[in-house]
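Each chain is listed here by its residues.
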Amino acid sequence: MLSNNTNKTEYMIISSKNKNRGAAMVVAIIVVAVLMVFTFSLLLVSYTLYSSQNKKVASKKCSEAANTLSTAMGAELDETANPNAYINSDFWIYLRFHLLQNDWPFYEPALEGHKIDDAAKTFSMKVNPNYIPSGKSTIDGYPGEVKIKAYWMMPESLYEEHEDDEEFDFLKNIDVSSLSTMGKSEIRLFLEITCESASQSYTVKNRYHLSVRKYDLSNTEEEAEKTKIEESYGVNSTYSNNCVINPDERWRWVYDGRKEE
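As the structure is a computational prediction, the values presented were derived from the model and not from experiment. (Residues numbered from 1 in each chain as written. Predicted model: local features only at pLDDT ≥ 70, side-chain atom pairs only at ≥ 80, totals over all residues. Heavy atoms only, no water.)

Caption draft 1: The side chain of Lys184, seen in detail. Here Lys184 shows up in helix 6 (residues 181–184). We classify Lys184 as buried; its relative accessible area is 1%. The residues contacting Lys184, other than those within four sequence positions of it, are Leu100, Val176, Ser177, Leu179, Leu210, Val212, Asn246, Glu249 and Trp251. (Helix = DSSP H or I, 4+ residues; strand = E, 2+ residues; numbered from the N terminus. Buried < 20%, exposed > 50% of the residue type's maximum accessible area, 1.4 Å probe, protein only. Contact = heavy atoms within 4.5 Å.)

And the structure:
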């Protein structure tokens, strides 16, 4: 009887130990799980903060780059900042040349062939290798991608003259070179400058209008400018001497501010 009681007691002790070990294992697993969840939570918070900070930096970089480029593009067209833009600015010359050759469709969303995809010209800007510091692949602060989208519209006065033409038939057989000097005035130009970096982007949208008049040949400065215009598009220039340039017209681009949506 004593032996049997001893065996039972030993069995109960061993069973109790096993139960305690099982409970301890469950507790240990729970503690490890809690620690893992806590650790992953810390990692997630850290990553979120890091990602958020990166986005803020990238967004600020894009904003600064777009606004800086907007100012630079304005200087390309503004005769106050760049008095000789009509011969020194490739973009200025590009605008005059292509508007007069009638190979750049105007923007009018109501007309086929004049939707934004037809009318907009997009220019991608690249870093000039000559300005990249030695040992670096790019310029510090330069965003990942820079694009300029340009499109233009006919003068608002032309729409006002044909306000009853709801089908815009008056625009179907019209081109810039056929417009009078005064008719070219108020042609509207839109420049959208977009900078992208690290999935962030920022766009500046500017509006300009064209001011056109005949050169005053009694003014020696204007006469000299007219001569330079003729030379810029002449036989020795990069453009064909057969292109339409209307050298008697004095063109100026006027900044109208940011484009409203």
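Caption draft 2: Region of the structure containing the packing of aromatic side chains. Taken as a whole, this structure holds eleven aromatic pairs when the rule is applied. A centroid spacing of 6.1 Å and a plane angle of 90° characterise the contact between Phe91 and Phe123, whose relative ring orientation is edge-to-face. Residue Phe91 is found in helix 3 (residues 90–100), and its partner Phe123 is found in strand 1 (residues 121–125); the two are separated by 32 residues along the sequence. Each ring, one from Tyr151 and one from Phe190, has its centre 5.1 Å from the other, and the planes form 20°; the classification is stacked. (Phe/Tyr/Trp six-rings, centres within 6.5 Å; stacked < 30°, edge-to-face > 60°.)

Caption draft 3: Representation of the pattern of salt bridges. Per the counting criterion, the structure on display carries eight salt bridges. Taking the shortest distance from any N to any O, the salt bridge between Glu249 and Lys184 comes out at 3.0 Å. On the criterion of sequence distance, the pair formed by Glu249 in strand 5 (residues 249–258) and Lys184 in helix 6 is long-range, its members being 65 residues apart. One salt bridge in this structure joins Glu222 and Arg213, with 2.6 Å as the shortest N-O distance. (Salt bridge = Lys/Arg side-chain N within 4 Å of Asp/Glu carboxyl O.)

Caption draft 4: Structural context of the nonpolar core. Counting 53 residues, the largest nonpolar core has Leu77, Trp92, Trp152, Met154, Leu171 and Trp253 as the members making the most contacts within it. Counting residues per element, the ones that place at least two in this core are helix 1 (2–77), helix 2 (85–88), helix 3, strand 2 (145–153), helix 5 (156–161), strand 3 (188–197), strand 4 (200–214) and strand 5. Take this core: its biggest share by element is eight residues, from helix 3. Residue contacts for Trp92: discarding those within four places in its chain leaves Glu76, Leu77, Ala85, Tyr86, Ile229, Trp251 and Trp253. (Core = buried A, V, L, I, M, F, W, Y, C linked by side-chain atoms within 4.5 Å.)

Caption draft 5: Local environment of empty space enclosed by the protein. In this structure the tally under the stated criterion is one cavity of 30 Å³ or more. Considered as a void within the structure, the largest cavity measures approximately 40 Å³ in volume. The wall of the largest cavity is formed by Leu77, Asp78, Glu79, Asn82, Pro83, Ala85, Tyr86, Trp92 and Arg252. Here the residues of the lining of the largest cavity are counted per class, giving five nonpolar, one polar and three charged. (1 Å grid on protein atoms, 1.4 Å probe; cavity = no way out; pocket = protein on both sides within 12 Å on 5 of 7 lines; lining within 4 Å. Points joined across faces, edges and corners; volume = space filled by probe spheres on them. Nonpolar A, V, L, I, M, F, W, Y, C, P; charged D, E, K, R; others polar.)

Caption draft 6: Seen up close, the sheet that holds strand 5. Strand order across the open sheet formed by five strands is 1-2-3-4-5, with antiparallel pairing between neighbours. Of all strands in the sheet, those with a lone pairing partner are strand 1 and strand 5, marking the two edges. Taking the axes of each pair of neighbouring strands and ignoring which way they run, one obtains an average angle of 25° across the sheet. As paired elements, strand 4 and strand 5 share nine bridges and run antiparallel to each other. Paired with Leu210 across the strands is Trp253, a residue of strand 5. In the packing of helix 3 onto the sheet, contacts are made with strand 1, strand 2, strand 3 and strand 5, and the angle to strand 5 comes to roughly 110°. (Pairing = 2+ DSSP bridges. Axes fitted to C-alpha atoms, helices over the stretch in contact; angles between N-to-C directions.)

Caption draft 7: Seen up close, the layout of surface pockets. Here the second largest pocket is characterised by a volume of approximately 190 Å³. What lines the second largest pocket is Met73, Glu76, Asp90, Phe91, Tyr94, Phe123, Ser124, Met125 and Ile148. Elements with a minimum of two residues in the lining of the second largest pocket: helix 1, helix 3 and strand 1. The residue makeup of the lining of the second largest pocket, split by class, is six nonpolar, one polar and two charged.

Caption draft 8: Representation of the state of the cysteines within the structure. Enumeration according to the criterion identifies zero disulfides in this entry. No disulfide involves Cys62; its nearest neighbouring cysteine sulfur is the one of Cys195, lying 6.2 Å away. Judged by relative accessible area, which is 1%, Cys195 ranks as buried. (Disulfide = S-S within 2.5 Å.)

Caption draft 9: Fine view of the pairing of strand 2. Two strands pair when backbone bridges link them, and strand 1 and strand 2 are joined in this way by five bridges, in the antiparallel orientation. Directly across from Met125, in strand 2, lies its bridge partner Val146. Relative to strand 3, strand 2 runs antiparallel, the two being bridged by nine bridges. Paired with Lys149 across the two strands is Glu192, which belongs to strand 3.

Caption draft 10: Representation of helix 3 in the model. Burial analysis of helix 3 places ten of its eleven residues in the buried class, the great majority of the element. At the exit of helix 3 stands Asn102, carrying a positive phi of roughly 60°.

Caption draft 11: Up close: helix 7 (residues 220–232). With 13 residues, helix 7 ought to run about 18 Å at 1.5 Å a step, and its terminal C-alpha atoms sit 18 Å apart, in line with that. Taken as a whole, helix 7 has its buried residues at Glu222, Glu225, Lys226, Ile229 and Ser232. In an axial view of helix 7, the angular spread of the buried residues amounts to 125°, which keeps them on one side of the axis. Structural note: helix 7 exposes Thr220 and Glu231 on the side pointing more than 90 degrees away from its buried face. At the N-terminal boundary of helix 7, the capping side chain belongs to Asn219, with an oxygen 2.8 Å from the backbone nitrogen of Glu221. (Expected span 1.5 Å × (residues − 1). Arc of directions from axis to C-beta. Polar contact = N/O pair within 3.5 Å; in protein donor to acceptor, adjacent residues only side chain to side chain.)

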